[in-house]
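Topology and contacts: notes
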Amino acid sequence: MPSEKIDQIIQEIKHATAQTKEELEAYRLRFISKKSVVGELFAAMKDIPVEEKKAYGQQVNEVKLLASEKFKELIEQVNQTEKKSKALDIDLTLPPTQVPLGGIHPLTTTRHRIIEIFERIGFNLSEGPEIEDDWHNFTALNFPENHPAREMQDTFFIEKNPDIALRTHTSSVQVRVMEKEKPPIRTLSPGRVFRNEAISARAHCIFHQVEGLYVDENVSFADLKQTLYHFAKEMFGPKTKVRFRPSFFPFTEPSAEIDISCLICGGKGCNICKGTGWVEIGGSGMVDPNVLENCGIDSERYTGFAFGMGIERIAMLKYQINDLRLFTENDIRFLKQFRSLV
Ligand code: PHE
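Residues numbered from 1 in each chain as written. Predicted model: local features only at pLDDT ≥ 70, side-chain atom pairs only at ≥ 80, totals over all residues. Heavy atoms only, no water.

Regarding its fold elements, the protein presents 12 helices and 10 strands. For a compact globule of 342 residues, the expected C-alpha radius of gyration is about 20 Å, and the protein comes in at 41 Å, more than 25% above that figure. Each principal axis of the C-alpha distribution contributes one length, and for the protein these read about 125 × 50 × 35 Å. Sequence-distant contacts in the protein: of pairs separated by 6 or more residues, those separated by 24 or more amount to 66%. A gap of 9 Å separates the mean positions of the 44 positive and 49 negative side-chain charges of the protein. (Helix = DSSP H or I, 4+ residues; strand = E, 2+ residues; numbered from the N terminus. Rg over C-alpha atoms; globule rule 2.2 N^0.38 Å. Contact = heavy atoms within 4.5 Å. Lys, Arg positive; Asp, Glu negative; His and termini not counted. Charge placed at Lys NZ, Arg CZ, Asp CG, Glu CD.)

This part covers the environment of R150. By secondary structure assignment, the location of R150 is in the loop between α6 (134–137) and β3 (157–159). Residues R150 and N137, 13 residues apart in the sequence, show an inter-C-alpha distance of 9.4 Å. With residues near it in sequence (within four places) discarded, R150 still touches D134, F138, T139, F143, P144, E145, T155 and F157.

Let us now look at the pairing of strand β9 (residues 278–287). With eight of 10 residues buried, β9 lies mostly within the body of the structure. Bridge count for strand β8 (residues 252–261) against β9 is eight bridges, and the pairing is antiparallel. In the strand pairing of β9, D259 is matched with E280. For β9 and strand β10 (residues 303–310), the ladder comprises five bridges, and the chain directions are antiparallel. If you follow G283 over to β10, its bridge partner there is G308. (Buried < 20%, exposed > 50% of the residue type's maximum accessible area, 1.4 Å probe, protein only. Pairing = 2+ DSSP bridges.)

Take the sheet that holds β9 next. With mixed pairing, seven strands are arranged side by side in an open sheet as β1-β5-β6-β10-β9-β8-β7. Whereas interior strands pair on both sides, the edge strands pair on one side only; in this sheet they are β1 (124–125) and β7 (242–249). Where strand β6 (residues 206–216) and β10 come together, eight bridges link them in antiparallel fashion. From the neighbouring strand, Y214 faces β10, where its bridge partner is F305. On the sheet, helix α7 (residues 171–180) packs against β5 (185–194), β6 and β10 and is oriented at approximately 35° with respect to β6. Each of β6, β8, β9 and β10 is contacted by helix α10 (residues 311–319), which is oriented at about 145° to β9, the strand it contacts most. (Axes fitted to C-alpha atoms, helices over the stretch in contact; angles between N-to-C directions.)

Taken in spatial order, the three strands make up an open sheet running β2-β4-β3, and their pairing is antiparallel. A single partner strand is all that each edge strand has here, and the edge strands are β2 (131–133) and β3. Going across the sheet, the axis of each strand differs from the next one's by a mean of 35°, ignoring polarity. Here three bridges tie β2 to strand β4 (residues 164–166), and the two strands are oriented antiparallel to one another. Looking at β4, one finds that D133 is bridged to I164.

The topology assignment puts E257 in strand β8. No salt bridge is formed by the buried E257. Its closest oppositely charged neighbour is R245, at 4.1 Å. There is a polar contact of 2.8 Å between the side chain of E257 and the side chain of S247. Residues within four places of E257 in sequence aside, it is in contact with R243, F244, R245, S247, E280, G282 and G283. (Salt bridge = Lys/Arg side-chain N within 4 Å of Asp/Glu carboxyl O. Polar contact = N/O pair within 3.5 Å; in protein donor to acceptor, adjacent residues only side chain to side chain.)

As a matter of local geometry, the ligand sits amid 13 residues, with H169, S171, R195, Q209 and E211 nearest to it. Contact distances for the ligand include 2.8 Å between an oxygen atom and a side-chain N or O atom of Q209. Within the contact set of the ligand, a nitrogen atom lies 2.8 Å away from a side-chain nitrogen or oxygen of E211. Out of a free accessible area of 320 Å², the ligand has 90% covered by protein chains. Those elements that provide at least two residues to the shell around the ligand are β6, β9 and β10. (Near = heavy atom within 4 Å. Areas by Shrake-Rupley, 256 points an atom, 1.4 Å probe, with all protein chains shown as cover.)

Just geometry here; none of it tells us what the structure is for.
This is the structure we're talking about:
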C-alpha cells in the first residue's frame, strides 16, 4: 500500500464534516466499518513484506485512531445541530402562550381621572420641585413665622437657615405659577408630597396631592363650590352630595373642608363614614390676598380660589380600600384587582 494513499486518507478524515445523520453514516461506512478504506488498509497487511509489517501496522493503527476520534467529534456535531433545529421547530397551529399583562396602578388611574375632569373645564397642568425652599412651601403662602406646620414633626427638613425641605403640599407649585404667570390662571398641580408622620392605615409620610388654583377677576366662592360639585359628581357619580365645612388654612380666607356624601352607605351612616354619612376629601378656600400680593398679583383687582385633595384618599373612597399602606406595598394580589381599569 503506497504511503501517498495513507496520507490521502488521513487528509480526508481531517477534513470530513457531517451535518446530518446520513452524512454521519456515510463517514462511518467510509472510514470506520469493516469494509471502509481503513478496513482495506488492514486487509492489505497480508501483502506487506515482513520487515515492513511493524511500521505499517503502527501507521494503520494511527489512522484508525484518528478516524474514530473524528467520528466522535462528528457525532457530537450532528447532535448539536439537531438540538438547534428542534428549538426552531415551531408548531404554528398551537394556541399562543398567554403573556401576563401588567396593570396601571390605582393611584395613577385616579390621578388621570382627576386631571381629565379638570382639564375639560379649562385647567392646565403645572409641576414643581419636590425639594422646596421655605418661601414657596410656607412664607409666600402666608404661614406665620412660628406656625406649627413648619415644625419638625410635620416637615422633613433637608437644610436649616435658609430652610430647604421636602414639600409638604403642592401649593408650592401654585406659588411658582402665580409668580411666573399673569391671571387668568387656572391650573392643577398633581404631585408627591412628604410629611413627617408615622405610617398607619390612614397616614403615610409620602403621599400624593392634586391642588387646583383659579385666579381671575371676580372669582367667587360660588365658583369654587360649583367647580367642586362638578368634580364630585364626575368622580363619584351624579348622586354624590358635597358639603363645605368652615376650616382654617393660612393661605385661604375663608377656608372650608370639602366633604362628600358617603359612597358606601349613601349618607345613612356606616363604619367608613363613622356613622356621619360624610367623608372628607380635601381642603379649599379663597386665596388670601396676602398670598396674591406675595406672588406679585394685584389683590385689589384679582381674586382666586384654591383647593387641595389627597389622591390616595380619593382612590380609597372610589375603590373602597381601607388601608393606605396597600398602595405602596406592591402586593401583586392587591394590584391585580385593578388590572381592568384604564
Ligand atoms: N395645601 C393644603 C394641604 O395640603 C390643602 C389646601 C389647598 C387647602 C388649597 C386649601 C386650599 O392640606
